[in-house]
Amino acid sequence: ESKSNYYLAYCEKTGVMGQLATHLLKQLEQTHMLRTYQYVEMPTAEVLSTIEQNGVRIDVASLEKISKEFEKRLKALSDRIYEVAEEKFNINSIIELQSILYDRLEIHKHCKVKPKKIKLGNKMSTDEETLEKMQGHPLPRLILQYRELNKLKNTYVDQLPTFVNPDSNRIHSSFRQTVAATGRLASDNPNLQNIPIRTEEGRRIRHVFVPSDSNHVLVSADYSQIELRVVAHFSKDPTFMAAYRQNLDIHALTAATIFEVPEDQVTREMRAKAKEVNFGLIYRMGPERLSLITHTSKPEAKGFIERYFQKYATIHTLQEHFLKQASKEGYAQTLMGRRRYLPAINGRGLHRRMAEGAAVNTPIQGTAAEIIKLAMNAIQKRLHRERLKTKMILSVHDELVFDTPHHEEEIIVSLVKQEMEQVITLEVPLVVEVGVGANWLEAH
């Protein structure tokens, strides 16, 4: 009787699933997203299943050494923080930190910063952005260093070994297609999408991702400035188009514009700031945030924005087009037709501002995500068809990582570059940088 009840429940569930599938497929067809579902998302699901099964190997012994080193550095940072604060306190306690920063030391007054209020006791914020504004004083600067190192240790260094499967000796992360509203891939158990690359400590985490054995290498293939290339495609901006068609340095061109100097007088520091401007302003970053990340004053950041949009007026026009379209249709749309519905786009206040940000962000970031998915699908087909031993083991934003036998190295470098660069035709060429190494950092 229990078996018959089980089968009855199973049949009822599968019957409901069938009805639901029919209903949802009709919705996809009505919203013109069926082809995207069939030719982008479903093949990607199969590839992600393969990546999950393949897994990635890490050097656990190296992580243990890094953990001990980070522990010593955190102790030294703690001691220095107590020295500057002139008392011991719980560095991870928001309430205790608020008391020291704002009530006793009044650092915000010395740094002429007006911190935003938070709900917790209607006190002033101690978030990263606020502390960055007060880095004129050594205490906020030390707190930021402590938080970064502590997060790396707790999130990656100490946690990654716990995810190693004892049978395969690999980490088998779960990749998700339905988490990020833009269509970007996400991963969990563990999350491998947010391992930092800009800091020296973050790069050391990548160093512990290694090939399956000494007969293999890691191959990393990364799209160069894909989101800016998508912007060039949508906006048809003449400077962006010329830069990417003629292989010019778009960051140097932007630096020359915002700093008002000839291109041959652009310094490394100017270019670095222009890079932040390029990637920030395509998503409508304001002067306050821009001044923080470029380490300039707010008036200087305002000047950057004015000169940027004087030079790249077509990009501002594109942003206005995305906003107008979303306001009219109620959704933002990628190049391949994926929609992100934005019910708050015609509302008020914070929700509207967030919806407007999504209206500009989604077509750019979502299209870039579609391109990497198409590339993954095409490469996996080639690997299977040509019976190659190479395995795709990671997909991290604009980058794919492969575990490759030494004898396939040359073939894979050529194959991956070809498939990624030719997977779709845009107004500007796609460029892929491929590296090979004994670990992820070396390959990247």
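This text follows the structure it describes.
The structure contained in this document is the topic of the report that follows. (Residues numbered from 1 in each chain as written. Predicted model: local features only at pLDDT ≥ 70, side-chain atom pairs only at ≥ 80, totals over all residues. Heavy atoms only, no water.)

## Some details on the overall build of the protein chain
Along the backbone of the protein chain there are 18 helices and 10 strands. Against the 2.2 N^0.38 benchmark of 22 Å for 444 residues, the protein chain shows a C-alpha radius of gyration of 25 Å, consistent with a compact globule. In terms of principal-axis extent, the alpha carbons of the protein chain reach across some 70 × 55 × 50 Å. The long-range fraction of contacts in the protein chain, counting pairs at least 24 apart against all pairs at least 6 apart in sequence, stands at 65%. Approximately 23,800 Å² of the protein chain is accessible, and the part contributed by carbon and sulfur atoms is 50%. Taking the average place of the 61 positive charges on the side chains of the protein chain and the average place of its 56 negative ones, the gap between the two points comes to 4 Å. (Helix = DSSP H or I, 4+ residues; strand = E, 2+ residues; numbered from the N terminus. Rg over C-alpha atoms; globule rule 2.2 N^0.38 Å. Contact = heavy atoms within 4.5 Å. Areas by Shrake-Rupley, 256 points an atom, 1.4 Å probe, with all protein chains shown as cover. Lys, Arg positive; Asp, Glu negative; His and termini not counted. Charge placed at Lys NZ, Arg CZ, Asp CG, Glu CD.)

## Some words on unusual backbone geometry
With omega at -5°, the peptide bond leading from Asn-189 into Pro-190 counts as cis. Even without glycine at this site, Lys-112 takes up a positive phi of about 55°. You will see that Glu-260, though not glycine, has its phi angle at about 55°, which is positive. Mapped onto the elements, Glu-260 comes out in the loop between helix 11 (250–259) and helix 12 (268–281).

## Some points on the pairing of strand 5 (residues 216–223)
Within strand 5, seven of the eight residues are buried, leaving the element largely enclosed by the surrounding structure. Strand direction decides the pairing type here: strand 5 and strand 9 (residues 399–405), joined by seven bridges, are antiparallel. Bridge pairing in strand 9 links Ser-220 to Val-401. As paired elements, strand 5 and strand 10 (residues 432–437) share six bridges and run antiparallel to each other. Counted as the bridge partner of Val-219 is Val-436 from strand 10. (Buried < 20%, exposed > 50% of the residue type's maximum accessible area, 1.4 Å probe, protein only. Pairing = 2+ DSSP bridges.)

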